[in-house]
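Observations on the three-dimensional arrangement
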Amino acid sequence: MLSHRLRIIISLAVALLVVNLYGRLSTTPFVKKNLFFNFKFPTLNLWTGQDLSLQNKLNNQNNSFNLPTSKISSFSPTLAPSNKPSATSEVANGLSITPKPTLFSTGFVNKTPTPKPTSKPKPTATPKLPAVTSAQRPGSTLTEIFNEVQKRECIPAALLYAFQTQETGPWWPFDSPSSKVKIYNKYGWWLDGTGSSCTGMGYHTQTGIVPADAVDAGTVCQNALGGYDQAIMGILQINQDEENAAKKYITNVIKGSIDRRVLFDNAVIFAIITKNRLGTPPSNCTDWPDDAVREAAEKHYGSCGDNYCTNILKYYKQYK
């Protein structure tokens, strides 16, 4: 073991001596030119015994080498590659390639919620008109009176015109002057004598006689028609029972006493009893279908005889 280590040390020393000698000789011009480039290192047999196999392998190899005869030129740096990356290369594009968000990050994006469209606001309901409290009722013409009733009772003004034309049109024409209308559109005109019961349709139609509560009671306005006296009066020909039936519904329209001899009161009573007769009147306050108009006419007259329903529908279409 000791001899093996000694051989290694001797080999290292010889190697150092050879390298040192090589360095010195390489600096001598004569040696560099004539001797150095043909120099071959001697083969040293420093191994014996168990190391002979390694030695034989080394001996079989060509241990000689020839240094290049040309002089080494000055150092030149390696040229950069001339080929450039393609335009589609990620390196060339750099940050121009938009990175795609990962699935994880999209869950945490603070997105402003899209505002939901608000529901369409409902139209403001038309406020109910206050009840009439004065003796002078609304309207100075038949048109104004019927339009006022349409707003309060949701019944077409044209339908009121149709019935009034059929019932009392010859005595109360469409264009009756406001001076006449104002007289008979005031509660009590038959009591204070400001109006005539015959002109104001303030007499019982079947008997033709003015009732006892009027200042001109007993006056005969027309010949008797006969039959049971139903005390029918007013421009839309309302009887006593119909007025009584409407009283409980009319309090939100008229406060205090009512009477079918007043133009406005008569139209309101007619509107109430007509809708009650239909049961489910049309919801359109300004336009009713033909079948509803015919039904209203039949129930008011008692039948469609004498072309009553046909006439009412004809006038209704004319006025609407």
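Residues numbered from 1 in each chain as written. Predicted model: local features only at pLDDT ≥ 70, side-chain atom pairs only at ≥ 80, totals over all residues. Heavy atoms only, no water.

A few points about the environment of D229
- Inspection of the secondary structure assignment puts D229 in the loop between α9 (189-192) and α10 (240-250).
- On the basis of relative accessible area, D229 is assigned to the partly exposed category, the value being 28%.
- Linking D229 and Q206, residues 23 residues apart in sequence, is a C-alpha distance of 5.8 Å.
- Beyond its immediate sequence surroundings of up to four residues, D229 is in contact with H204, Q206 and T207.
- Here A231 takes part through its backbone nitrogen, which lies 2.9 Å from a polar atom of the side chain of D229. (Helix = DSSP H or I, 4+ residues; strand = E, 2+ residues; numbered from the N terminus. Buried < 20%, exposed > 50% of the residue type's maximum accessible area, 1.4 Å probe, protein only. Contact = heavy atoms within 4.5 Å. Polar contact = N/O pair within 3.5 Å; in protein donor to acceptor, adjacent residues only side chain to side chain.)

A closer look at the pattern of salt bridges
- On inspection of all chains with the given rule, the structure shows 11 salt bridges.
- Residue R277 pairs with E242 through a salt bridge whose shortest N-O separation is 2.3 Å. With a gap of 35 residues between them, R277 in helix α11 (residues 263-278) and E242 in helix α10 connect regions that are remote in the sequence.
- On the basis of relative accessibility, which here comes to 23%, the residue R277 falls in the partly exposed class.
- A residue is classified by how much of its surface remains accessible, and E242, at 12% relative accessible area, is buried.
- Two residues, D259 and R261, come together in a salt bridge whose shortest N-O distance is 3.0 Å.
- Assessed through its relative accessible area of 8%, D259 is described here as buried. (Salt bridge = Lys/Arg side-chain N within 4 Å of Asp/Glu carboxyl O.)

Focus: the packing of aromatic side chains
- Enumeration according to the criterion identifies 11 aromatic pairs in this entry.
- Judged by centre distance (5.7 Å) and plane angle (90 degrees), the rings of W172 and Y184 are edge-to-face. Here the residue W172 occupies a position in the loop between α7 (157-168) and α8 (178-184), and Y184 occupies one in helix α8, the gap between them amounting to 12 residues. For the residue pair W172 and Y184, the accessibility class agrees, reading buried in each case.
- With a centroid separation of 5.7 Å and an interplanar angle of 10 degrees, the aromatic rings of F174 and Y319 are classed as stacked. With F174 in the loop between α7 and α8 and Y319 in helix α13 (residues 308-319), this residue pair connects regions lying 145 residues apart in the sequence.
- Among the residues examined, F174 registers a relative accessible area of 44% and is labelled partly exposed. (Phe/Tyr/Trp six-rings, centres within 6.5 Å; stacked < 30°, edge-to-face > 60°.)

Details of the packing of helix α6 (residues 142-153) against α7
- Orientation of α6 relative to α7, taken along the N-to-C sense of each, is 130 degrees, at an axis distance of 8 Å. Viewed along their axes, α6 and α7 adopt a mutual orientation that is oblique. For α6 against α7, the interelement crossing comes out right-handed. Residues L142, T143, F146, N147, V149 and Q150 of α6 form the contact with α7, whose participating residues are A157, L160, Y161 and Q164. (Axes fitted to C-alpha atoms, helices over the stretch in contact; angles between N-to-C directions. Parallel < 35°, antiparallel > 145°, perpendicular 65-115°, else oblique. Left-handed = near helix turned anticlockwise from the far one by under 90°.)

Geometry only, nothing functional implied.
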